[in-house]
Amino acid sequence: MSAPDGSPVGAERSIGQLFASATTELSALVHDEIALAKAQLKQDVKRGAASGGAFSVAGAVLVFSLPMLNFALAYGIRTWSGWNLAVCFLLSFAANVLLAGLLALIGVTFAKKAKQGKGPQKVAASVKESAGVLQNAKPHPRHELPQDRAPEAIEAVARSSS
């Protein structure tokens, strides 16, 4: 079995190889967390844009449709019912206000969803959790050296590996 970098796994790996492998994996973890934060932030921005768009459409409908729709609807109501023309214009205006209110309600719904999106906060919590796990990591206990090995041989190996 070998590590992602091709080096042997287990006791055959040196401390330098272990440190390099841990650094590589930690770097990959940080890059993945950043990519996740970007994706969640994009989703929150899209929701915010949808909210702004709905509010804009509600305003445009209310402003631009009032004159033409009021006249058409008021005269249509008068033709259908025979009521006073002033009452017909008030009913026409009320219909436009209801439509704008419905579009504003849709905008509020999207705004609440965008506000509730906590993408970057979730990622920050995940990074803190990962850092906490790494801080609490303890090295494996070292095995006792056999008594027949001389300290000079150990020093020679240490000098040759550095």
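Cut-offs used in this document
Residues numbered from 1 in each chain as written. Predicted model: local features only at pLDDT ≥ 70, side-chain atom pairs only at ≥ 80, totals over all residues. Heavy atoms only, no water. Helix = DSSP H or I, 4+ residues; strand = E, 2+ residues; numbered from the N terminus. Contact = heavy atoms within 4.5 Å. Axes fitted to C-alpha atoms, helices over the stretch in contact; angles between N-to-C directions. Parallel < 35°, antiparallel > 145°, perpendicular 65-115°, else oblique. Nonpolar A, V, L, I, M, F, W, Y, C, P; charged D, E, K, R; others polar. Phe/Tyr/Trp six-rings, centres within 6.5 Å; stacked < 30°, edge-to-face > 60°. Buried < 20%, exposed > 50% of the residue type's maximum accessible area, 1.4 Å probe, protein only. Expected span 1.5 Å × (residues − 1). pLDDT = per-residue confidence, 0-100.

A. Layout of the overall build of the protein. Per the secondary structure count, the protein includes four helices and zero strands. Ordering the α and β elements of the protein from the N terminus gives α-α-α-α. In the protein, the share of contacts with a sequence separation of at least 24, taken over all contacts with a separation of at least 6, comes to 58%.

B. Region of interest: the side chain of N96. Considering the arrangement of structural elements, one finds N96 in helix α2 (residues 85–116). Those residues in contact with N96 that sit more than four places away from it in its chain are L62, S65, L66, L69 and N70.

C. Molecular detail of the packing of helix α1 (residues 15–81) against α2. Two numbers describe how α1 lies on α2: the axes approach to 8 Å, and their chain directions differ by 175°. Relative to α2, the element α1 is oriented roughly antiparallel. Split by residue class, the contact of α1 with α2 holds 29 nonpolar, seven polar and four charged.

D. Region of the structure containing the packing of aromatic side chains. Per the counting criterion, the structure on display carries two aromatic pairs. Consider the rings of F71 and F89, whose centres lie 5.4 Å apart with planes at 90°: the pair is edge-to-face. Remark: F89 occurs in helix α2 and F71 occurs in helix α1; sequence separation between them is 18 residues. The partly exposed category is assigned to F71, whose relative accessible area is 45%.

E. Representation of α2 in the model. The terminal C-alpha atoms of α2 lie 47 Å apart, and with 32 residues this matches the ideal 46 Å at 1.5 Å per residue to within 8%. Taken together, the buried positions of α2 are occupied by C88, S92, N96, A100, L103, G107 and A114.

F. Structural context of the environment of F93. Inspection of the secondary structure puts F93 in helix α2. A residue is classified by how much of its surface remains accessible, and F93, at 40% relative accessible area, is partly exposed. With residues near it in sequence (within four places) discarded, F93 still touches L66 and N70.

G. Representation of the confidence of the model for the protein within the structure. Of the residues in the protein, 72% have a pLDDT of 70 or more, and the chain-wide mean is 78. In the model of the protein, helix α4 (residues 151–161) stands out as the element of lowest mean pLDDT, 55, in contrast to α2, which has the highest, 88.

H. Region of interest: the side chain of E33. Summarising the element assignment, E33 is placed in helix α1. E33 gets classed as buried once you look at its relative accessible area, which sits at 10%. Apart from the residues within four sequence positions on either side, E33 is in contact with V123, S126, V127 and S130.

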